[in-house]
Amino acid sequence: SQKIEQNSEALNIQEGKTATLTCNYTNYSPAYLQWYRQDPGRGPVFLLLIRENEKEKRKERLKVTFDTTLKQSLFHITASQPADSATYLCALERDSNYQLIWGAGTKLIIKP
Amino acid sequence: DVKVTQSSRYLVKRTGEKVFLECVQDMDHENMFWYRQDPGLGLRLIYFSYDVKMKEKGDIPEGYSVSREKKERFSLILESASTNQTSMYLCASRSGQALYGYTFGSGTRLTVV
């Protein structure tokens with residue numbers, strides 16, 4: 001069955017450094033991969049989508065890479081700030097049927 | 001600002017009650033989804049809908065039903081609430097354009113006692 005793995009342990013990063021989160025998947029060839037941010041008690045907020053034929057995508061301080069050979073996506077936040085502290089979820093999508101398979105998320109803590 | 005609005009942030013219901021969770025989106029999106037989120041289990045899909053009056057079962061539909069009479073509204077119904085349905089319920093919508101992500105509501109924290 002399809003499986004997505006994100007680091008279940010919280011990631012502690014010093015303010016100003018680059019935070020890197022990992023999303024690994026198995027038994028799957030997704031057409032798209034998405035990253036979301038979720039704050040406690042709130043719904044996830046869409047950040048970035050990357051297609052299988054794209055290696056990298058950027059949005060302001062965010063960068064996502066997608067390696068279909070390694071079956072891995074990396075999510076980077078440069079110049080991290082305490083306000084970036086949240087849980088970050090990755091999700092895979094099959095073609096265009098709009099259903100997503102979700103990772104459990106990684107909690108990111110940026111220390112001042 | 002585009003929105004998905006869920007009718008209640010917090011809800012407490014008794015076992016056996018019929019519970020309605022309402023979700024409204026103002027983006028004219030075709031696709032709408034209901035998830036529940038529990039610690040350690042992540043987001044699990046209950047039901048989704050591609051269009052008005054259409055519905056499809058997700059991964060955990062047992063004990064739930066849905067209604068989509070209008071494009072902007074997608075309702076989740078717990079036919080007879082049970083304590084194991086205590087959870088955070090999240091509604092989401094998405095346009096037919098595949099390159100856009102989901103827009104989620106703020107969630108409804110349901111407690112069944």
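It should be noted that the structure appears before, not after, this text.
Summarised in this report is the structure supplied together with it. (Residues numbered from 1 in each chain as written. Chains lettered and ligands numbered in written order. Predicted model: local features only at pLDDT ≥ 70, side-chain atom pairs only at ≥ 80, totals over all residues. Heavy atoms only, no water.)

1. Re the overall build of chain A
Filter applied, for reference: Helical segments are the DSSP runs of H or I of at least four residues, strand segments are the runs of E of at least two, and each set is numbered from the N terminus. Taken over C-alpha atoms, the radius of gyration is set against a globule rule of 2.2 Å times the number of residues to the power 0.38. Contact criterion: two residues are considered in contact whenever any of their non-hydrogen atoms come within 4.5 Å of each other. To measure how exposed things are, a 1.4 Å probe is used in the Shrake-Rupley method; for residues, cover is taken only from the protein chains shown. Charge counting follows a simple rule: Lys and Arg are positive, Asp and Glu are negative, and His as well as the terminal groups are ignored. Taken as the charge centre is NZ of Lys, CZ of Arg, CG of Asp or CD of Glu, depending on the residue.
The number of helices and strands found in chain A is zero helices and eleven strands. Counting from the amino terminus, chain A carries its helices and strands in the arrangement β-β-β-β-β-β-β-β-β-β-β. Expected size for 112 residues packed as a compact globule is a radius of gyration near 13 Å; at 13 Å, chain A falls within 12% of this value. Considering only C-alpha atoms, chain A reaches an extent of 40 × 30 × 20 Å along its principal axes. Taking all contacts inside chain A whose residues are at least 6 apart in sequence as the whole, residues at least 24 apart take part in 55%. Put simply, chain A shows about 5,700 Å² of open surface, and 45% of that area lies on carbon and sulfur atoms. The averaged location of the 12 negative side-chain charges in chain A is 3 Å from the averaged location of its 15 positive side-chain charges.

2. Overview of the sheet that holds strand β3 (residues 19-26) of chain A
Residues and elements named next belong to chain A. Inclusion rule: Any two strands with at least two DSSP-identified bridges between them are counted as paired. Interaxial angles span 0 to 180 degrees and are taken between N-to-C directions of axes, which are lines fitted to C-alpha atoms, for helices over the stretch in contact.
The strand order across the open sheet formed by five strands is β1-β3-β8-β7-β6, and the pairing between neighbours is antiparallel. Whereas interior strands pair on both sides, the edge strands pair on one side only; in this sheet they are β1 (3-6) and β6 (56-59). Ignoring strand direction, the axes of neighbouring strands in this sheet form an average angle of 15°. As paired strands, strand β7 (residues 62-67) and strand β8 (residues 72-77) are joined by six bridges and run antiparallel to one another. Each residue of the ladder has a partner; that of Thr-65, found in β8, is Leu-74.

3. Focus on the state of the cysteines
Rules: The criterion for a disulfide is a pair of cysteine sulfur atoms lying within 2.5 Å. Buried, partly exposed and exposed residues are distinguished by accessible area as a fraction of the type maximum, computed with a 1.4 Å probe on protein chains only: under 20%, between the cut-offs, and over 50%, respectively.
Within this structure, the stated rule accounts for two disulfides over all chains. With a sulfur-sulfur separation of 2.0 Å, A:Cys23 is cross-linked through a disulfide to A:Cys90. Between A:Cys23 and A:Cys90, the S-S dihedral sits near 65°, and the bridge is therefore right-handed. Of this pair, A:Cys23 sits in strand β3 while A:Cys90 sits in strand β9 (residues 86-93), and the two are 67 residues apart along the sequence. A relative accessible area of 0% means that A:Cys90 is categorised as buried. Linked covalently through their sulfurs, B:Cys23 and B:Cys91 form a disulfide whose S-S length is 1.9 Å. Taking the sign of the S-S torsion, about -75° here, the bridge from B:Cys23 to B:Cys91 comes out left-handed.

Purely geometric numbers; function is a separate question.
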